[in-house]
Amino acid sequence: MAVEGVGSGSSLYNEMLATQAGAKANNSAMSMDDFWQLLAAQLQYQDMTNPMSNSEMMNQMVQMATMNAMTQVSNAVANFATVTNNLSQVTLTQYSTGMIGREVTVAELNEEGKVIGKTKGVVEGVDLTGAQYVYIDGKKYELAQIMSVGEVPEKKDDDTTEAPDKEGDSSTKVPEGENGQN
């Protein structure tokens, strides 16, 4: 029986070392292809006197399938967040452009952001760059400063609102701020 010399084993080691040195390290991701290649190499180079058990192999396959599923869920959540953000931007843009030509009441704010007055006017234009603004009489207001749209009656201290009766066939006057529940 022929016995290989010690030197032949070290040449195989040097070949493997050269291959590993040329590889780029990416510790952040392992794809399914990487897993299958690793499993094939593990099966190819396993000790024939002590082969890998079926349960051990199935355990590794289940772990990789679980990781793959978790990656897909993570990607789906990230995509959902992007879609939701885009949808909210479209909705906000549609709302703000729908204000053009409408009469609105906007809050006048001081430097601290407190309301110091109101201005009523017709929205002449909308600025969609960055935060969204409306223009009334040439002055720029944040969209959040809109207090009302259209003609809204002024509130008085003794103001009451109409609330339908429980049967819905008559209405009673309920002071504003009360919901009629005890």
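A brief look at the structure comes next. (Residues numbered from 1 in each chain as written. Predicted model: local features only at pLDDT ≥ 70, side-chain atom pairs only at ≥ 80, totals over all residues. Heavy atoms only, no water.)

## Regarding the pairing of strand E3 (residues 133-136)
Residues Val134 and Ile136 of E3 are buried on one face, while the alternating residues Tyr133 and Tyr135, pointing to the opposite face, are not. Across four bridges, the pairing between strand E2 (residues 115-127) and E3 is antiparallel. Paired with valine 123 across the two strands is isoleucine 136, which belongs to E3. Connecting E2 to the antiparallel partner E3 that follows it, the hairpin turn spans five residues, and glycine 130 within it adopts a positive phi of roughly 70°. Pairing of E3 with strand E4 (residues 139-142), which is carried by four bridges, proceeds in the antiparallel orientation. Residue pairing in the sheet places tyrosine 133 in a bridge with glutamate 142 of E4. Remark: two residues form the turn of the hairpin made by E3 and E4, two consecutive strands paired antiparallel; aspartate 137 in that turn has positive phi of roughly 50°. (Buried < 20%, exposed > 50% of the residue type's maximum accessible area, 1.4 Å probe, protein only. Helix = DSSP H or I, 4+ residues; strand = E, 2+ residues; numbered from the N terminus. Pairing = 2+ DSSP bridges.)

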